[in-house]
Amino acid sequence: MVMLLLVVVQFALYFHLRAVAHTAARHGLDNVRVLDGSTEAGVAATNDFLDQSGTSLEARDVQATRTATLSSVQVSGTVVSVIPGLRLPVHVTVDAPTERVTP
């Protein structure tokens, strides 16, 4: 019975952290895709959001890319383990068109 409860808590934590990672990536993408945006600003904004939401996403890695037409932010990491030995990976990628001036 206790093991079942731990499994439920572990997967609830997984889905919560996946949503937090997605929201953090969206915040970072808002800084990457704007007209004068940069990948550095996007990574910083994403990391700031993740820092404010706690440290439950272990070994996190944030990457941002920006081209003339597409910007994206990737967040990956591992969910803190409630069940010993269970390591659930989280990987979220969000992308959007890069803002640009067209004649």
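Computed from a prediction, not measured in an experiment: that's the story for all the values here.

Asker: Is there a simple way to think about the side chain of T78 in this case?
Answerer: Tracing the backbone through its elements, the reader meets T78 in strand β2 (residues 70-79). Residue contacts for T78: discarding those within four places in its chain leaves S56, L57, E58, R87, L88 and P89.

Asker: Is there a simple way to think about the environment of T98 in this case?
Answerer: Structurally, T98 is set in the segment after β3 (89-97). Exposure remark for T98: the relative accessible area of 7% places this residue in the buried category. Considering only alpha carbons, one finds T98 and F11, 87 residues apart in sequence, at a separation of 35 Å. In contact with T98, other than residues within four places in its own chain, are R33, R66, T67, A68, T69, L70 and S71. At 3.3 Å, the side chain of T98 forms a polar contact with the backbone nitrogen of L70. Side chain to side chain, T98 and S71 meet in a polar contact 2.6 Å long.

Asker: Just checking my understanding: could you explain a nonpolar patch on the surface for this structure?
Answerer: A grouping of M3, V7, F11 and F15 is seen on the molecular surface, where their side chains present a nonpolar patch of about 360 Å² in accessible area. Mapped onto the elements, M3 comes out in helix α1 (residues 2-32).

Asker: Help me out: how do you make sense of the packing of aromatic side chains in this one?
Answerer: Two numbers describe a pair of aromatic rings. These are the distance of the centres and the angle of the planes. For the coordinates displayed, the defined rule picks out one aromatic pair. Ring geometry for Y14 and F15: centres 5.1 Å apart, planes at 75 degrees, overall edge-to-face. The class of Y14 is buried, set by a relative accessible area of 18%.

Asker: Could you clarify how one ought to interpret the pattern of salt bridges in this entry?
Answerer: A side chain of one charge can pair with a side chain of the opposite charge when the charged atoms of the two come close. Scanning all chains against the criterion turns up two salt bridges. Among the salt bridges present, the one from D51 reaches R60, with a minimum N-O distance of 2.4 Å. As a salt-bridge pair, E58 and R87 come within 3.3 Å of each other at their nearest N and O atoms. Of the two residues, E58 is situated in strand β1 (residues 57-66) and R87 in the loop between β2 and β3; the sequence distance between them amounts to 29 residues.

Criteria and thresholds
Residues numbered from 1 in each chain as written. Predicted model: local features only at pLDDT ≥ 70, side-chain atom pairs only at ≥ 80, totals over all residues. Heavy atoms only, no water. Helix = DSSP H or I, 4+ residues; strand = E, 2+ residues; numbered from the N terminus. Contact = heavy atoms within 4.5 Å. Buried < 20%, exposed > 50% of the residue type's maximum accessible area, 1.4 Å probe, protein only. Polar contact = N/O pair within 3.5 Å; in protein donor to acceptor, adjacent residues only side chain to side chain. Patch = residues over 30% accessible without salt bridge, like charges linked within 9 Å, V, L, I, M, F, W, Y side chains within 5 Å. Areas by Shrake-Rupley, 256 points an atom, 1.4 Å probe, with all protein chains shown as cover. Salt bridge = Lys/Arg side-chain N within 4 Å of Asp/Glu carboxyl O. Phe/Tyr/Trp six-rings, centres within 6.5 Å; stacked < 30°, edge-to-face > 60°.

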